[in-house]
Amino acid sequence: MKKIFIFDFDGTIANTNDVITASWQATYEHYLGHRLPVREIEATFGETLYHTIEEKIPGAPYEEVRDYYRAYQDAHCDGMVYVFDGVKELLDELRSRGCVIGVATSRTANSFNKYVGELGLDGYFDALVTMEDVTHHKPHPESVLTVLEKLGASPDEAVMIGDSKYDIGSANNAGVDSVLVGWSHYIDEDSMAADGYEPTWHAGTPAMLLELI
């Protein structure tokens, strides 16, 4: 039985989808003069800001666009971010079973800790790896492997849980079993498969994930 559970944060633990989508739409309108289809934005969930900006707004000054996006998100996040139904109960049950919980996120530590405090998630996580802790981002295995290193654990002891091909790719590349969650947003699994990434399991709800465990 697995005892170490590594979670992505955005779109897995917390529903940040609405504010992320709104922030990208505002950024695209500002720099491109138009919005993008929501599905196209959802397909970038899990990417680093650098990758998305380079791909969607080529030639734009990265730091300026990044700061515009972050400023919009910071100014509009109130009331738009919440923990998905059933996730706190899932985390509580994992705790009661003596499991170890880590987080591998592409967020900055400051923004992660801000949301954790606001959402009442303090004390749930035994190890945290943010974008500042790694050189290579998902789907590179470094984020997952760094969590395992912090916990003194091996890949065969752990499961990675996420909502994007970047989470599943990171798990695959780290040799860790994975769960693709279906409670967040549309996921193009054909695109995921084309990249060679495949989850070990699927879970449509936190309750289904608990049954798998």
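Residues numbered from 1 in each chain as written. Predicted model: local features only at pLDDT ≥ 70, side-chain atom pairs only at ≥ 80, totals over all residues. Heavy atoms only, no water.

Peer 1: Even after reading the chapter, I still don't get the packing of aromatic side chains, so can you show me in this structure?
Peer 2: Where two aromatic rings form a pair, the distance of their centres and the angle of their planes describe that pair. Per the counting criterion, the structure on display carries 8 aromatic pairs. With a centroid separation of 5.0 Å and an interplanar angle of 70°, the aromatic rings of Tyr50 and Tyr62 are classed as edge-to-face. Placement of Tyr50 in helix H3 (residues 49–56) and of Tyr62 in helix H4 (residues 62–76) is noted, with a sequence separation of 12 residues between them. Its end group placed over the ring of Tyr186, Arg39 keeps NZ or CZ at 3.8 Å from the ring centre. (Phe/Tyr/Trp six-rings, centres within 6.5 Å; stacked < 30°, edge-to-face > 60°. Helix = DSSP H or I, 4+ residues; strand = E, 2+ residues; numbered from the N terminus. Lys NZ or Arg CZ within 6 Å of the ring centre and 35° of its normal.)

Peer 1: Would you take a moment to explain the packing of helix H1 (residues 17–32) against H3 for this structure?
Peer 2: A packed helix pair is summarised by two numbers, namely the angle formed by the two axes and the spacing between the axes. Running from amino to carboxyl end, H1 crosses H3 at an angle of 40°, the nearest separation of the two axes being 12 Å. Judged by the angle between their axes, H1 and H3 are oblique. In the crossing of H1 with H3, the sense of the turn from one axis to the other is right-handed. Facing Trp24, Tyr28 and Leu32 of H1, the residues of H3 in contact are Leu49, Thr52, Ile53 and Lys56. (Axes fitted to C-alpha atoms, helices over the stretch in contact; angles between N-to-C directions. Parallel < 35°, antiparallel > 145°, perpendicular 65-115°, else oblique. Left-handed = near helix turned anticlockwise from the far one by under 90°. Contact = heavy atoms within 4.5 Å.)

Keep in mind these values describe shape, not function.
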